[in-house]
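Structural overview for review
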Amino acid sequence: MITEATKARFAREVAKYPPEQKQSAVMACLTIVQQEQGWVSPESEAEIGDYLGMPAIAVHEVTTFYNMYNQQPVGKYKLNVCTNLPCQLRDGYKALHHLEHKLGIKMGETTADGMFTLQQSECLGACADSPVMLVNDRCMCSFMSNEKLDELVDGLRAAEGKA
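Residues numbered from 1 in each chain as written. Predicted model: local features only at pLDDT ≥ 70, side-chain atom pairs only at ≥ 80, totals over all residues. Heavy atoms only, no water.

1. So, the pairing of strand 2 (residues 116-121)
- Here strand 2 lies mainly inside the structure; five of its six residues are buried.
- As paired strands, strand 1 (residues 77-82) and strand 2 are joined by six bridges and run parallel to one another. Pairing of Val81 across the sheet is with Gln120, part of strand 2. (Buried < 20%, exposed > 50% of the residue type's maximum accessible area, 1.4 Å probe, protein only. Helix = DSSP H or I, 4+ residues; strand = E, 2+ residues; numbered from the N terminus. Pairing = 2+ DSSP bridges.)

2. Focus on the domain arrangement of the chain
- If you check the domain split of the chain, you get domain 1 (4-65) and domain 2 (77-160).
- Each of domain 1 and domain 2 has a C-alpha centre, and the two are 29 Å apart. (Domains from an automatic or database assignment.)

3. Looking at the pattern of salt bridges
- Summed over the entire model, instances satisfying the criterion amount to eight salt bridges.
- Of the charged contacts, one joins Glu36 and Arg9 as a salt bridge, the two residues approaching to 3.0 Å between their closest N and O atoms. Remark: Arg9 occurs in helix 1 (residues 4-14) and Glu36 occurs in helix 2 (residues 26-37); sequence separation between them is 27 residues.
- What makes Glu36 partly exposed here is its relative accessible area of 38%.
- Looking at Arg9, the relative accessible area reads 26%, which means it is partly exposed. (Salt bridge = Lys/Arg side-chain N within 4 Å of Asp/Glu carboxyl O.)

4. So, a nonpolar patch on the surface
- The grouping of Phe65, Tyr66 and Met68 at the surface amounts to a nonpolar patch, some 310 Å² of accessible area in total.
- For Met68, the position within the fold is in the loop between helix 4 (56-65) and strand 1. (Patch = residues over 30% accessible without salt bridge, like charges linked within 9 Å, V, L, I, M, F, W, Y side chains within 5 Å. Areas by Shrake-Rupley, 256 points an atom, 1.4 Å probe, with all protein chains shown as cover.)

5. Regarding the sheet that holds strand 4 (residues 139-141)
- Strand order across the open sheet formed by four strands is 2-1-3-4, with mixed pairing between neighbours. Among the strands making up the open sheet, the edge pair consists of strand 2 and strand 4. Averaged over all neighbouring strand pairs, the angle between strand axes comes to 25 degrees, with direction disregarded.
- The pairing of strand 1 with strand 3 (residues 133-135) spans three bridges and is antiparallel. Residue Val81 lies in a different strand from strand 3, and its bridge partner there is Met133.
- The sheet strands contacting helix 6 (residues 92-103) are strand 1, strand 2 and strand 3, and the helix crosses strand 2 at an angle near 165 degrees. (Axes fitted to C-alpha atoms, helices over the stretch in contact; angles between N-to-C directions. Contact = heavy atoms within 4.5 Å.)

6. Comments concerning helix 1
- Residues Thr6, Phe10 and Val14 constitute the buried set of helix 1. Here the buried residues of helix 1 occupy an arc of 85 degrees about the axis, which is enough to place them on one side. The exposed residues of helix 1 that point more than 90 degrees off its buried face are Glu4, Ala5 and Arg12.
- Lining the buried residues of helix 1 we find helix 2 and helix 3 (42-52). (Arc of directions from axis to C-beta.)

Printed below as a string of structure tokens:
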């Protein structure tokens, strides 16, 4: 499943650490797999573990600890809504529920057209800007009122010609 080209990318990451600490490259290797495959499968975790000389369960523990690693295929746009307590107090759950209604899916699901996956996030570190969300693990969106959520989703659909 993991190609020689991918292993060459792994090797560049592993080279950044002393030989006895090559397991420190686990997050970089997970990121590479996700970039190439869109998600991290249990088989990929096992191959990363073999490559780094660590048990597959140790790789899985890293995969499951961080929201940025997808453990199943996701839509083109992954929307992570922060529902940690500070965001809850400032309408984080309302934002999540609004998106569930707008997209016609529940948290953890992907729309039928494969465009959106909706997830909750534990903390995005922007409590003062809540409710906040992260799009595709890269774009932080702050003060996400229902109107701003609608604009975001409608804009992404329009950009894809699905408005």
